[in-house]
Amino acid sequence: LKNVTFEDNSSLTVWYKDMFEKCGALSNIDTGKNSMLKSIYCSFNSTAVTEIDFSNCYLLSYIDDDCFYKNSKIEYVNLDNTNLSTLQATFYSCSNLVSVALPDSLYRIYNNTFSYCISLKDINLDNVVMIGDYAFKGCTSLGYTPQSAEVKSNDIFEYYELNDSITVKSVI
């Protein structure tokens, strides 16, 4: 099995843990247009996939922590247009990962999400207000270490300040 193509408007909402298990030759996954995919629990570690585009998965809101964990083949991931708000350890030690397109909805990157992605060069963090400890540890090709926005407060609410805008955290 080398290619998997989902029909346009696919009603499959979950990719389960063992979906691509023992698919070592799998090199291409086409999600189709207007996919109903909401959650990904499967691992791509045993596949030969180097690029994957989830930008047609508008309802995608969850990717399991070890989905791409230590995947040495993945190079490009497009999560643009998804409904993801957080990531945690998802791409840990993906040594050949060069580029990740993040959705505007993503605002939290938890611990170790991109740790040791030594080839990572391209990632847009404009809407991210919280970056966990070691989220980008060892990302030597990135050229800088992204930091969380500073949490500030006044008498009315707490907020994150980043790139000349604020995100309200909580009412005091």
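## Quick look at unusual backbone geometry
Next up, step 1: In the Ramachandran plot, K22 falls in the positive-phi region, its phi being about 65° despite a non-glycine side chain.
Next up, step 2: Looking at where K22 falls in the secondary structure, it is placed in the loop between β2 (14-15) and β3 (28-30).
Next up, step 3: Exposure remark for K22: the relative accessible area of 75% places this residue in the exposed category.
Next up, step 4: A positive phi is found at Y116, a non-glycine position, where the angle reads about 65°.
Next up, step 5: Within the secondary structure, Y116 is located in the loop between β10 (108-109) and β11 (122-123).

## A look at the confidence of the model for the protein chain
Next up, step 1: Looking at the protein chain, the pLDDT average stands at 87 and 85% of residues meet or exceed 70.
Next up, step 2: Below a pLDDT of 50 lies the segment residues 163-167, which in the model reaches 10 contacts outside its immediate sequence neighbourhood of four places, other chains included.

## Description of the environment of D30
Next up, step 1: Within the secondary structure, D30 sits in strand β3.
Next up, step 2: On a C-alpha basis, the gap between D30 and I52 in space is 7.7 Å, while along the polypeptide they are 22 residues apart.
Next up, step 3: Those residues within four positions of D30 in sequence are excluded, and the remaining contacts are V4, T5 and F6.

## Some remarks on the pattern of salt bridges
Next up, step 1: Taken as a whole, this structure holds two salt bridges when the rule is applied.
Next up, step 2: The shortest N-O distance in the salt bridge between K17 and D64 comes to 2.9 Å. Taken as a pair, K17 in the loop between β2 and β3 and D64 in the loop between β6 (62-63) and β7 (76-78) lie far apart in primary sequence, 47 residues in all.
Next up, step 3: Here D66 and K17 are joined by a salt bridge, their closest N and O atoms 3.3 Å apart. Placement of D66 in the loop between β6 and β7 and of K17 in the loop between β2 and β3 is noted, with a sequence separation of 49 residues between them.
Next up, step 4: Because the salt bridges share partners, they merge into one network encompassing K17, D64 and D66.

## Quick notes on the nonpolar core
Next up, step 1: Judged by nonpolar contacts, the single largest core of 42 residues is most densely connected at F44, F54, F114 and F136.
Next up, step 2: Residues in contact with F44, not counting those within four places in the same chain, are W15, F20, I29, I52, F54, C67, F68 and N71.

## Remarks on the sheet that holds β6
Next up, step 1: In space, the three strands of this open sheet follow the order β2-β4-β6, with parallel pairing throughout. Each end of this open sheet is capped by a strand with a single partner; those strands are β2 and β6.
Next up, step 2: The pairing of strand β4 (residues 39-40) with β6 spans two bridges and is parallel. Across the sheet, I40 pairs through a bridge with I63, a residue of β6.

## Here we look at the environment of F20
Next up, step 1: Examined against the element boundaries, F20 turns out to sit in the loop between β2 and β3.
Next up, step 2: You can call F20 buried: its relative accessible area is 3%.
Next up, step 3: Along the backbone, F20 and N45 are 25 residues apart, and their C-alpha atoms lie at a distance of 9.0 Å.
Next up, step 4: The contacts of F20, once residues within four sequence positions are left out, are V4, W15, L26, I29, C42, S43, F44, S46 and T47.

Conventions used here
- Residues numbered from 1 in each chain as written.
- Predicted model: local features only at pLDDT ≥ 70, side-chain atom pairs only at ≥ 80, totals over all residues.
- Heavy atoms only, no water.
- Helix = DSSP H or I, 4+ residues; strand = E, 2+ residues; numbered from the N terminus.
- Buried < 20%, exposed > 50% of the residue type's maximum accessible area, 1.4 Å probe, protein only.
- pLDDT = per-residue confidence, 0-100.
- Contact = heavy atoms within 4.5 Å.
- Salt bridge = Lys/Arg side-chain N within 4 Å of Asp/Glu carboxyl O.
- Core = buried A, V, L, I, M, F, W, Y, C linked by side-chain atoms within 4.5 Å.
- Pairing = 2+ DSSP bridges.

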